[in-house]
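Listed below are the residues making up each chain.
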Amino acid sequence: MSIEYDAVVAGSGPNGLAAAITLARAAYSVLVLEANSTIGGGARSAELTLPGFVHDVCSAVHPLAAGSPFFKTLPLERFGLTWIQPEIPLAHPLDDGTAACLHRDVDLTADSLGADARAYRRLMKPLARDWEKLATEFLQPMLHLPRHPIALARFGIPGLCPSTLLAKSLFKREPARALFAGIAAHSFLPLEAPVSSAFALVLGTAGHAVGWPIPSGGSQTIANALADHLAKLGGKIEINHCVENLDDLPKSRAVLLDVSPWQFVRIAGSKLPARYRRGLENFRHAPGIFKTDYALSAPLPWRAEACKCAGTIHLGGTLDEIAHVERQVARGEIPERPFVLVAQQSLFDETRAPRGQHTLWAYCHVPFGCKVDVSARMEAQIERFAPGFRDCILARHALNAVDLEKSNSNLAGGDISGGATNFAQLIARPILSPTPYRTPLPGVYLCSASTPPGGGVHGMCGYHAARAALKQILS
Ligand SMILES: Cc1cc2nc3c(=O)[nH]c(=O)nc-3n(C[C@H](O)[C@H](O)[C@H](O)COP(=O)(O)OP(=O)(O)OC[C@H]3O[C@@H](n4cnc5c(N)ncnc54)[C@H](O)[C@@H]3O)c2cc1C
């Protein structure tokens, strides 16, 4: 049978589009098949609540996109992508009405942490200076020969530590400890787990080096810019086309799958060798999330002034409190006061809501596959730091962990990270190999966030997978 395309990509998430662009840039013909009726996977926006309120369906805040070595090579601004940097990237309010803040400037952040200024500066300044080197090191498979071993060691030694241990040994006061814990909680690991600190270091360093920006107009503009660039390069995208079986794909030389390992097992059927298949079946997902988008009549009435100027706010209180609830989530329990992450895009981007009104993007961590509606607990947590919040709600749109999986099979059990990020799965993602994108099926590659470097909108999984395909099949 004759070849219809050089490559077929299943899934138009940031990684599927990144893979397609990498192949199209090398002058290969590419077709992207997307199951959903809209492109973008985890980078989409929609009017989820009321007319005129543009909500980010999944990703909202983009340190990894702004710092992605691959995105940096693309002319995405020409295709409509503009980053907005909130005045303060991240605020972490405490019960006394103050907030610890991550500012763009390391010194400003350090100085605001009082007695912990020196420790913060010593930890973060060298990492922020080395961001470019570090980004290329950790945004690729772990099994590689480092090009910047000194910078990597400076990051890797503290990064391997449990975040409770690192924060308590470095910082004396609660604001610095809580700020660190909130960022580390992006790992979805118990904060006593090794490597949970790595997440605080990567995201904290990115905050200083490239910010925690939001895209003007919503996250959909990231996907649209990638798709428009792909179209310019000759690539095609077909929506409403769910790939259910590898045999049903148009004939091609390479197939790149922006899908989870569990889904790959289903799509490949009996084709996979038993050992590889078992490896994928044993791949573990992270806990899930409960997500709510709000249309608000006014900005949030935060008690801490700094929160009124921050793009992202972490609501979880002290380090010990966050560590406790993250342990509960890992054990399968629903915390009474969950760790809640919010983004208030409309404060910085007037395209997101009608004049004077606002959007709020919020999610909290819940156990894998949790079907419980935790809206009341989440709202109580927001109300704790912004009394009067409930009075501002005009409309809400909520999705539990199972709804999330129904909207995109990659989000198994509501896991938004493409798989647990414990030490084993950071190295073997989804299997132990210097080229984990490659599968035992000739010409078939995995390119989703379940491959290195993992979750987040950065396109690096797709880029590396496409490079592997170019090297092995298409060259
Ligand atoms: C609620 C939420 C909040 C998030 N917040 C942030 C954030 O603020 N910042 C950040 O950087 N990251 C965030 N993320 C994570 C980020 O969105 C993902 O890590 C990223 O989108 C992964 O990209 P991907 O291309 O691997 O997969 P996805 O984005 O999941 O894309 C996969 C695509 O493939 C399609 N697909 C799946 N199966 C098939 C099939 N069989 N056939 C055809 N198409 C298929 C899906 O419909 C989807 O469009 C968030 C995710 C969620 C869900």
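About the thresholds
Residues numbered from 1 in each chain as written. Predicted model: local features only at pLDDT ≥ 70, side-chain atom pairs only at ≥ 80, totals over all residues. Heavy atoms only, no water. Helix = DSSP H or I, 4+ residues; strand = E, 2+ residues; numbered from the N terminus. Rg over C-alpha atoms; globule rule 2.2 N^0.38 Å. Buried < 20%, exposed > 50% of the residue type's maximum accessible area, 1.4 Å probe, protein only. Contact = heavy atoms within 4.5 Å. Areas by Shrake-Rupley, 256 points an atom, 1.4 Å probe, with all protein chains shown as cover. Near = heavy atom within 4 Å. Polar contact = N/O pair within 3.5 Å; in protein donor to acceptor, adjacent residues only side chain to side chain. Nonpolar A, V, L, I, M, F, W, Y, C, P; charged D, E, K, R; others polar. Domains from an automatic or database assignment. Buried area = accessible area lost by both parts, 1.4 Å probe. Axes fitted to C-alpha atoms, helices over the stretch in contact; angles between N-to-C directions. Parallel < 35°, antiparallel > 145°, perpendicular 65-115°, else oblique. Pairing = 2+ DSSP bridges.

**Q** Give a description of the overall build of the protein that names residues and reports values.
**A** Within the protein one finds 17 helices and 16 strands. The C-alpha radius of gyration of the protein comes to 21 Å, within 12% of the 23 Å expected for a compact globule of 475 residues. Dimensions along the principal axes, computed over C-alpha positions, put the protein at roughly 70 × 50 × 40 Å. In the protein, which comprises 475 residues, the share counted as buried stands at 61%. Sequence-distant contacts in the protein: of pairs separated by 6 or more residues, those separated by 24 or more amount to 74%. Surface exposure of the protein reaches about 18000 Å², of which carbon and sulfur atoms provide 54%.

**Q** Go over the site of the ligand, please, and point to the residues and values.
**A** For the ligand, the set of nearby residues contains 34 residues, the closest of which are Glu34, Gly42, Val61, Asp258 and Gly456. Between the ligand and Asn15, the relevant distance is 2.8 Å, taken from an oxygen atom to a side-chain nitrogen or oxygen of the residue. Asn408 is positioned such that a nitrogen or oxygen atom in its side chain is 2.8 Å from an oxygen atom of the ligand. Look at the ligand: alone it shows 990 Å² of surface, and the protein chains cover 94% of it. Contributing elements (two or more residues each) for the shell around the ligand: α1 (14-25), α11 (261-268) and β11 (288-296). If you tally residues by element for the shell around the ligand, the top one is α1, at 3 residues. By residue class, the composition of the shell around the ligand is 16 nonpolar, 15 polar and 3 charged. Two domains each put at least three residues into the shell around the ligand: domain 1 (5-82 + 215-283 + 412-474) and domain 2 (83-212 + 286-406).

**Q** Help me get a handle on the domain arrangement of the protein, residues and values and all.
**A** The parts lose accessible area when they come together, and the size of an interface is often stated as this lost area. Partitioning the protein into domains gives domain 1 (5-82 + 215-283 + 412-474) and domain 2 (83-212 + 286-406). For domain 1 versus domain 2, the separation of C-alpha centres amounts to 25 Å. Facing the 52 residues of domain 1 at the interface are 56 residues of domain 2. Interface area, domain 1 with domain 2, both sides summed: about 4200 Å², of which 70% is carbon and sulfur.

**Q** Would you mind going over the packing of helix α6 (residues 149-159) against helix α9 (residues 196-209) in detail, with residue names and values included?
**A** Their axes nearest at 7 Å, the elements α6 and α9 cross at an angle of 135°. On the basis of their axis angle, the class for α6 and α9 is oblique. Along its contact with α6, which presents Phe155, Pro158 and Gly159, the element α9 presents Ser196, Ser197, Ala198, Leu201 and Val202. Among the residues making up the contact of α6 with α9, the classes are represented as 5 nonpolar, 3 polar and no charged.

**Q** Mind laying out the sheet that holds β11, listing which residues take part and the relevant values?
**A** Ordered by their spatial adjacency, 7 strands build an open sheet running β7-β6-β12-β13-β14-β11-β15, and the pairing between neighbours is mixed. Each edge of the open sheet is held by one strand with a lone partner, namely β7 (99-102) and β15 (393-399). In this sheet, neighbouring strand axes are inclined to one another by 20° on average, regardless of whether the strands run parallel or antiparallel.

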